[in-house]
Amino acid sequence: MAKKKKKSGSIAVPYLLTIFIGILVIGGGTFLLLRHLGILGGSDELPEPPKRQITTVSYADNHTILFILDEPDKKASSTFLLMRSVPKDKKVVFVGIPSNTIALVGDVQQSISSAYESGGASSAVEFTQSVFGITIDRYMRLDSEALIKVCDILGGVTYPVSEDIAGFNGDGSDQYLNSEQVEKLITYSLYGDGESERAYVVGSVFSSMLNQSSGMRVSDNLDTSFNTLVNMTDTNITAVDYKKRKAAIKNMLEKGNTIGTFLIMGGEKAYEDFIPDQVFIDEFKEKYYSFDEGGDEEDE
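This write-up is about the structure you can find in this document. Keep in mind it's a predicted model, so treat the numbers as computed, not measured.

Calculation criteria
- Residue numbering note: each chain is counted from 1, following its sequence as written.
- Owing to the predicted nature of the model, reporting of local features is limited to residues with pLDDT of at least 70; listing and counting of side-chain atom pairs is limited to 80 or more, with chain, interface and lining totals taken over all residues.
- Based on all heavy atoms of the structure, the side-chain values leave hydrogens and waters out of the count.
- Note on conventions: DSSP H or I runs of at least 4 residues are helices, E runs of at least 2 residues are strands, and numbering of each starts at the N terminus.
- Within 3.5 Å is the distance limit for a polar contact, defined as a pair of N or O atoms, with the added protein rule that one can donate a hydrogen and the other accept it, and that residues adjacent in sequence qualify only through two side-chain atoms.
- What makes two residues a contact is simply this: any of their non-hydrogen atoms within 4.5 Å.
- All axes here are fitted lines through C-alpha atoms, helices being fitted over the stretch that makes contact, and every angle between N-to-C directions spans 0 to 180 degrees.
- When describing relative orientation, an angle under 35 degrees is termed roughly parallel and one over 145 degrees roughly antiparallel, while 65 to 115 degrees is termed roughly perpendicular and anything else oblique.
- Whether a crossing is left-handed or right-handed is set by the direction in which the near helix is turned from the far one by less than a right angle, anticlockwise for left-handed and clockwise for right-handed.
- Classification used: nonpolar for Ala, Val, Leu, Ile, Met, Phe, Trp, Tyr, Cys and Pro, charged for Asp, Glu, Lys and Arg, polar for all others including Gly.
- Two strands make a pair as long as DSSP finds a minimum of two bridges between them.
- When a residue's accessible area, from a 1.4 Å probe over protein chains only, is under 20% of the maximum for its type it is buried; when over 50% it is exposed; and in between it is partly exposed.
- An arc is given here, and it is the one of the directions from the helix axis to the C-beta atoms.
- We define a salt bridge as a side-chain nitrogen of Lys or Arg found within 4 Å of a carboxyl oxygen belonging to Asp or Glu.

### Topic: the side chain of E195
Along the chain, E195 turns up in helix α5 (residues 194–212). At a separation of 2.4 Å, a polar atom in the side chain of E195 contacts the side chain of S99. A polar contact of 2.9 Å, which involves the side chain of E195, links it to the side chain of R198. In contact with E195, not counting residues within four places along its chain, are S77, P98, S99 and N100.

Written out as structure tokens, the structure reads:
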């Protein structure tokens, strides 16, 4: 009986050794194969860290857009909003232009409203360029649906309404305004100080709405927002324009702090008309258009 037990043990040991050696051979071969394919590290050198993305922003990224809100069914005249964007300084300035603003364009005195009504958006651009002595790069004409979409993209606004308008507090206290309420506020036709006051409200509302929005969220959805708006508005902004300035705009939205500001257009009433103040225009141009093209900066 003792001899049988010893014989069984002598068979088991070589058998286990064979299995062990087989595992080593197969495992080692697999390791070498994976290493050869690059799945496992084949070098003692540390991999290079990923390169950091650097966006160069310069004053060449500046742009000016004239926004026109045209809602024939509203009692108010068309709404005109000038936007000057300076991504390098992370600033966007809004100037509401009273619809009864008058000026000599060529040899003809006209208002921005009459220019728009007779010649469309391009004539309104020509009028504004003549008044301000600037170049307006592009325009965007919005209807009610497009305006509401813009407000939805930004997310509405908390704003103090002091005018006695149905559906608003009217006591000057802050209240949240959704897209439809923003539309109602900026197309209200009975402001005490007329079109100059309405222009002030337009500029201040959009400045506040931009500042209260989530810059990162707006930036993340910028492609979708652009494609949506250019397809539902009358505009001469192209995909090439957008691609050229996209990086600078996203950088401003993501890293800027309180980027929106507004200016009250200086001028005086002359019966039913509004005459712009040249001192205001000169100061506006000096602050937002007189830039040295050198000194570009790199934002990481």
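### Here we look at the packing of helix α3 (residues 144–154) against helix α4 (residues 179–186)
Orientation of α3 relative to α4, taken along the N-to-C sense of each, is 120°, at an axis distance of 8 Å. In terms of their interaxial angle, α3 and α4 are classed as oblique. Like other packed secondary-structure pairs, α3 and α4 cross with a definite hand, here right-handed. On the side of α3, the interface is formed by S144, L147, I148, C151 and D152, while α4 contributes S179, E180, V182, E183 and I186. By residue class, the composition of the contact of α3 with α4 is 5 nonpolar, 2 polar and 3 charged.

### Comments concerning the sheet that holds strand β11 (residues 260–263)
In space, the 6 strands of this open sheet follow the order β10-β7-β2-β3-β4-β11, with mixed pairing throughout. Here the strands that pair on one side only, and so sit at the sheet edges, are β10 (234–235) and β11. Sheet analysis places strand β2 (residues 63–69) next to strand β7 (residues 138–142), joined by 5 bridges and oriented parallel. Across the sheet, the residue bridging to L69 is L142, located in β7.

### Here we look at unusual backbone geometry
For T258, which is not a glycine, the phi torsion comes out positive at approximately 55°. Of note in this structure, Y271 is not a glycine but carries a positive phi near 60°. Counting through the fold element by element, Y271 comes out in the loop between β12 (267–270) and β13 (273–276). The class for Y271 is exposed, based on a relative accessible area of 84%.

### Things to note about helix α7 (residues 222–230)
Among the residues making up α7, those that are buried are L222, S225, F226 and L229. All buried residues of α7 fall inside an arc of 100° around its axis, so they share one side. Turning to α7, the residues buried within the fold contact β7, α3, α6 (215–220) and α8 (239–255).

### Quick notes on the pattern of salt bridges
Applying the stated criterion across every chain, the model contains 6 salt bridges. R138 serves as the salt-bridge partner of D241, at 2.7 Å between the closest nitrogen and oxygen. Of this pair, D241 sits in helix α8 while R138 sits in strand β7, and the two are 103 residues apart along the sequence. Under the relative-accessibility criterion, D241 is labelled buried at 14%. Between R198 and E195 there is a salt bridge; the shortest N-O distance is 2.9 Å. Of this pair, R198 and E195 both sit in helix α5, 3 residues apart, which is roughly one turn of the helix. Note on accessibility: R198 and E195 belong to one class, buried. By sharing partners, the salt bridges in this structure join D70, R141 and D234 into a single network.

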